[in-house]
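Residue strings, one per chain:
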Amino acid sequence: MFQPALRTLAILGLLAYTSFAHRDEEVITRDIAIIGGGASGTFSAVRLRDQGKSVILIEKESILGGHTNTYQDPVTKVPVDYGVEVFHAQQIVKDYLDRLNVSWVVAPNFGVGSIYLDGQTAQPINYTSPDLPVARWQELLQPFGDFLAKHPDINNASLTIFRFGQGLGDFLVQPTLYVFKNFGLEIVQALSTGFLAVTSQNNYEIYDHATKLLGSDVLLSSTVISTLHREDNGVTLVVQTPSGRRIVKAKKLLIAIPQKLENLRAFDLDHHEAGLFGQFKNTGYWTSLVTNTGLPAGFNTISVGADTPYNLPNVPLVYAVVPTAIDGIFDIKYGSQSSLPDDHVRREILSYVKKLQDNGFAEKVEPEFVRFNSHTPFELTVSPEKIRGGFYKQLYGLQGYRGTWYTGAAFHTQDSSLLWNFTESHVLPGLLK
Ligand SMILES: Cc1cc2nc3c(=O)[nH]c(=O)nc-3n(C[C@H](O)[C@H](O)[C@H](O)COP(=O)(O)OP(=O)(O)OC[C@H]3O[C@@H](n4cnc5c(N)ncnc54)[C@H](O)[C@@H]3O)c2cc1C
């Protein structure tokens, strides 16, 4: 008896708010509202506009680009990409960069010349990187450790695969499927034919040009705070922007942010949607640039395990310490099997640099962060049982449900080029109808 009364009050409140909002708050009307201006959302905005659709792109940060981290030396202006580095030399990537007037080259292989140090102690270990054998892409639901045990022919490649699987958390425990999605045929081929890179070595150029191209179709530093309506006949969102609240009305919604439940609370999920997104677990991944390390110029190390299966290091850990194009600044990445507090990760990175100093690789000075970025939640995964039980079939079944489409790494893989392919061929057609 009490509940219907409450519902009536809520509906009256919503109607009052809606009419108030429509009166006092600027209404932005578009064909498609896109949430998240990373690799997938920005690409979608540019491609949909080019095909005659009006869009609004809503990004919580003050710049577009998602996992792209570029630092520019304030004096020399030398750029360093310490997030996304390279792309596949595919036509869709070339066309997209050409559209944004960003110059590209097919670059030689990167990351050569590293030494191998123990991931925990920073002590040297006797390990030589072997040649890549041809792998067998099967039995994809096993933990990757079991897959390696069954396939000694690819054991030799495990550290190379691990390097490309940074951010995947506990590598030997993850279902093999996720490992090979991150290290697929395109990567194997690009290792011999070369990756595509932005000529200026400044990947932020892509997002800078996209921001200018999209103009007032981008709301930066903005988030959806509630959903007034989201059904097949359209969506109405309340968006907090730096200049106040806006009402966004669109025929369709594209969600291109990591689809973790806590990130989707403002979108009025129903039981079915919440039940699916609530199943995702996530790994942790952080990037940083560190100066005053005491390390010699050109010092370059990859973490391995001294006494671990296949010499794979245990997570959490510092993945690598790599020199950058800026003298004295090193690129240091860190990964864990789940979210960790940023302060803890900062301390762990500095403590690893101290270990390098204690082990005689560096002079004893006080290292300092030039940049530190969290990319957590990174890889979104579900268990093999859930995959076997049809999780992804149900997830893909959400495309178009309640006027909403989805793209991004959780729907495909952590690879910008492959996400642009996936978005172009599997997501945009539904939005263009
Ligand atoms: C360190 C690192 C290195 C990488 N190197 C490469 C590489 O060399 N080549 C490659 O192809 N790929 C690389 N990747 C992977 C690549 O970055 C991802 O595959 C790609 O960025 C995923 O795109 P996305 O659109 O799913 O997510 P993202 O690019 O993360 O975009 C999501 C966007 O949504 C925004 N957002 C989140 N929540 C909200 C919210 N509530 N409201 C509004 N906006 C929100 C975020 O700020 C972000 O801009 C790398 C990733 C990392 C972390």
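Computed from a prediction, not measured in an experiment: that's the story for all the values here. (Residues numbered from 1 in each chain as written. Predicted model: local features only at pLDDT ≥ 70, side-chain atom pairs only at ≥ 80, totals over all residues. Heavy atoms only, no water.)

Some details on the overall build of the chain
Step number 1: The helix and strand inventory of the chain stands at 14 helices and 19 strands.
Step number 2: The C-alpha radius of gyration of the chain comes to 23 Å, within 12% of the 22 Å expected for a compact globule of 433 residues.
Step number 3: Across its three principal axes, the chain shows a C-alpha extent of roughly 70 × 55 × 45 Å.
Step number 4: Within the chain, the fraction of its 433 residues that count as buried is 50%.
Step number 5: Accessible area for the chain stands at about 19400 Å²; split by element, carbon and sulfur atoms hold 53% of it.
Step number 6: For the chain, the separation between the mean place of its 36 positive charges and that of its 42 negative charges on side chains is 7 Å. (Helix = DSSP H or I, 4+ residues; strand = E, 2+ residues; numbered from the N terminus. Rg over C-alpha atoms; globule rule 2.2 N^0.38 Å. Buried < 20%, exposed > 50% of the residue type's maximum accessible area, 1.4 Å probe, protein only. Areas by Shrake-Rupley, 256 points an atom, 1.4 Å probe, with all protein chains shown as cover. Lys, Arg positive; Asp, Glu negative; His and termini not counted. Charge placed at Lys NZ, Arg CZ, Asp CG, Glu CD.)

Observations concerning the pattern of salt bridges
Step number 1: Evaluated as defined, the whole model comprises 15 salt bridges.
Step number 2: A salt bridge links R47 to E424; the nearest nitrogen and oxygen atoms lie 2.8 Å apart. With a gap of 377 residues between them, R47 in helix α2 (residues 39–50) and E424 in helix α14 (residues 416–432) connect regions that are remote in the sequence.
Step number 3: Here E424 falls in the partly exposed class, since its relative accessible area comes to 24%.
Step number 4: Note that D268 is salt-bridged to R402, the shortest N-O span being 3.3 Å. Here R402 lies in the loop between α13 (391–396) and β19 (404–406) and D268 lies in the loop between β11 (244–255) and α10 (271–277), a separation of 134 residues in the sequence.
Step number 5: When salt bridges with common partners are traced through the structure, they connect R230, E231, D268, E273 and R402 into a single cluster. (Salt bridge = Lys/Arg side-chain N within 4 Å of Asp/Glu carboxyl O.)

Some words on the site of the ligand
Step number 1: Close to the ligand lie 31 residues, the nearest being E59, E85, V86, D415 and S416.
Step number 2: The fraction of the free accessible surface of the ligand (990 Å²) that becomes covered by protein chains is 89%.
Step number 3: Secondary-structure elements contributing two or more residues to the shell around the ligand are α2, β13 (284–291) and α14.
Step number 4: Its residues placed into classes, the shell around the ligand shows eleven nonpolar, 14 polar and six charged.
Step number 5: Shared between two domains, the shell around the ligand takes at least three residues from each, and those domains are domain 1 (2–67 + 205–278 + 383–432) and domain 2 (115–193 + 284–374). (Near = heavy atom within 4 Å. Nonpolar A, V, L, I, M, F, W, Y, C, P; charged D, E, K, R; others polar. Domains from an automatic or database assignment.)

What about the sheet that holds strand β15 (residues 317–323)?
Step number 1: What the six strands build is an open sheet, ordered β6-β14-β15-β16-β13-β17; its pairing is mixed. Two strands in the sheet have a free side with no partner beyond their single neighbour: β6 (115–118) and β17 (368–374). Each strand axis lies, on average, 25 degrees off the axis of its neighbour in the sheet, ignoring direction.
Step number 2: Relative to strand β14 (residues 301–304), β6 runs parallel, the two sharing four bridges. Across the sheet, the residue bridging to L117 is S303, located in β14.
Step number 3: In this fold helix α11 (residues 342–358) packs onto β6, β13, β14, β15, β16 (330–336) and β17, with an angle of close to 135 degrees to the strand it touches most, β17. (Pairing = 2+ DSSP bridges. Axes fitted to C-alpha atoms, helices over the stretch in contact; angles between N-to-C directions. Contact = heavy atoms within 4.5 Å.)

Digging into the nonpolar core
Step number 1: Within the largest apolar cluster, 93 residues are counted, with the highest numbers of intra-cluster contacts made by I35, I206, L237, F267, F280 and W420.
Step number 2: Mapped onto the domain boundaries, this core takes at least three residues apiece from domain 1 (2–67 + 205–278 + 383–432) and domain 2 (115–193 + 284–374). (Core = buried A, V, L, I, M, F, W, Y, C linked by side-chain atoms within 4.5 Å.)

So, the domain arrangement of the chain
Step number 1: Taken domain by domain, the chain comprises domain 1 (2–67 + 205–278 + 383–432) and domain 2 (115–193 + 284–374).
Step number 2: Between the C-alpha centres of domain 1 and domain 2 the distance comes to 33 Å.
Step number 3: Listed as interface residues are nine residues of domain 1 and, on the opposing side, eight residues of domain 2.
Step number 4: Regarding the contact of domain 1 and domain 2, the summed buried area is about 760 Å², with carbon and sulfur atoms giving 55% of it.
Step number 5: Counting residues per element, the side of domain 1 that touches domain 2 draws most heavily on helix α12 (residues 384–388), which supplies three residues.
Step number 6: Classifying every residue of the side of domain 1 that touches domain 2 by side-chain character gives four nonpolar, three polar and two charged. (Buried area = accessible area lost by both parts, 1.4 Å probe.)

Side note on the environment of S222
Step number 1: Structurally, S222 is set in the loop between β8 (218–219) and β9 (223–231).
Step number 2: In this structure, the C-alpha to C-alpha distance between S222 and I58, residues 164 residues apart in sequence, is 6.0 Å.
Step number 3: Not counting residues within four places of it along the chain, the set of residues in contact with S222 comprises I58, E59, K60, V239, Q240, T241 and P242.
Step number 4: Looking at S222, its side chain comes within polar contact range of the main-chain oxygen of L220, at 2.7 Å. (Polar contact = N/O pair within 3.5 Å; in protein donor to acceptor, adjacent residues only side chain to side chain.)

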